[in-house]
Amino acid sequence: MVLALFGEYEADDDADNVPTWQEFEEQVRDVLACAGFSTDFRKVFVTAGRRHEIDVVAHRFDTTVLIDAKRYGKARPRSSSIRAQARKHLARCSEFDRAFSVSSVPVIVSWIDDALLSEGGCFIVPFDKLEDFVVHLERYVDSIAELNARESIIDNINENGIF
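The rules behind each value
Residues numbered from 1 in each chain as written. Predicted model: local features only at pLDDT ≥ 70, side-chain atom pairs only at ≥ 80, totals over all residues. Heavy atoms only, no water. pLDDT = per-residue confidence, 0-100. Contact = heavy atoms within 4.5 Å. Phe/Tyr/Trp six-rings, centres within 6.5 Å; stacked < 30°, edge-to-face > 60°. Helix = DSSP H or I, 4+ residues; strand = E, 2+ residues; numbered from the N terminus. Lys NZ or Arg CZ within 6 Å of the ring centre and 35° of its normal. Buried < 20%, exposed > 50% of the residue type's maximum accessible area, 1.4 Å probe, protein only. Polar contact = N/O pair within 3.5 Å; in protein donor to acceptor, adjacent residues only side chain to side chain. Core = buried A, V, L, I, M, F, W, Y, C linked by side-chain atoms within 4.5 Å. Pairing = 2+ DSSP bridges.

A. A look at the confidence of the model for the protein. Residues of the protein with pLDDT of at least 70 account for 72%, and the chain-wide mean is 80. Confidence drops under pLDDT 50 across residues 1-14; counting only partners more than four residues distant or on other chains, this segment forms 32 contacts.

Here it is as structure tokens:
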């Protein structure tokens, strides 16, 4: 698929051929488009007087995926930055969902794999695993829904002092 086209890129800040953040966003969009998603690129919308932007809005069948692409380098403290960005992205996605009456799948696509899977319901997918994520999207969505349900049950048990 598309990832083969970007094989010349390495997740290494020292490489001369690392894509710019704009090229990275375009590559993420292209992966989704090749997987049969219709895409809206750098979607800007306003809610309650506040401007929001989603890097890639991808839609296929009844699934809407909202992507924030992050091309952080090795020098940046990525895990904490990615987690913070995931929380911000979740807030943007909630606003998008309300504005457009959809239920979206929030995703951060990172340039470098930090071995993070999700943060608060937002998937964190390294670029080199994006193709697999897109192919198996429904399984991932089902898995996170199941995990969220379990966390809710555990929280309820802890709050009510059942154990």
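B. Structural context of the packing of aromatic side chains. Counted according to the given criterion, the structure contains 9 aromatic pairs. With a centroid separation of 5.4 Å and an interplanar angle of 85°, the aromatic rings of F24 and W111 are classed as edge-to-face. With a gap of 87 residues between them, F24 in helix α1 (residues 21-34) and W111 in the loop between β4 (104-110) and β5 (118-119) connect regions that are remote in the sequence. Within the aromatic cluster, the residues linked to one another by ring pairs are F24, W111 and F127. One cation-aromatic arrangement involves R29 over F41; the distance from NZ or CZ to the ring centre is 4.4 Å.

C. A look at the side chain of R60. If you trace the backbone, R60 turns up in strand β2 (residues 50-60). Note on R60: relative accessible area 15%, which makes it buried. At 2.8 Å, the side chain of R60 and the backbone oxygen of A35 are in polar contact. Filtering out sequence-adjacent residues up to four positions away, R60 remains in contact with A35, G36, F37, V134 and E138.

D. Broad picture of the nonpolar core. Counting residues in each nonpolar core, the largest one holds 24 residues, and the members touching the most others are V28, V107 and L130. If you list the elements that add at least two residues to this core, you get α1, β2, β3 (63-70), β4, β6 (122-126) and α3 (130-135). With 4 residues, the single largest contributor to this core is α1. Not counting residues within four places of it along the chain, the set of residues in contact with V28 comprises V56, I67, A69, V109, F127 and L130.

E. Spatial organisation of the pairing of β6. Counting buried positions along β6 gives 5 out of 5 residues, so the element sits mostly inside the fold. Alternating positions in β6 separate into two faces, C122, I124 and P126 on one and F123 and V125 on the other, with burial throughout. In terms of strand pairing, β4 meets β6 through 4 bridges, oriented parallel. Note on β6: the bridge partner recorded for V109 is V125. Taking the residues between adjacent antiparallel strands as the criterion, β5 and β6 are bridged by 2 residues, where G120 takes a positive phi near 60°.

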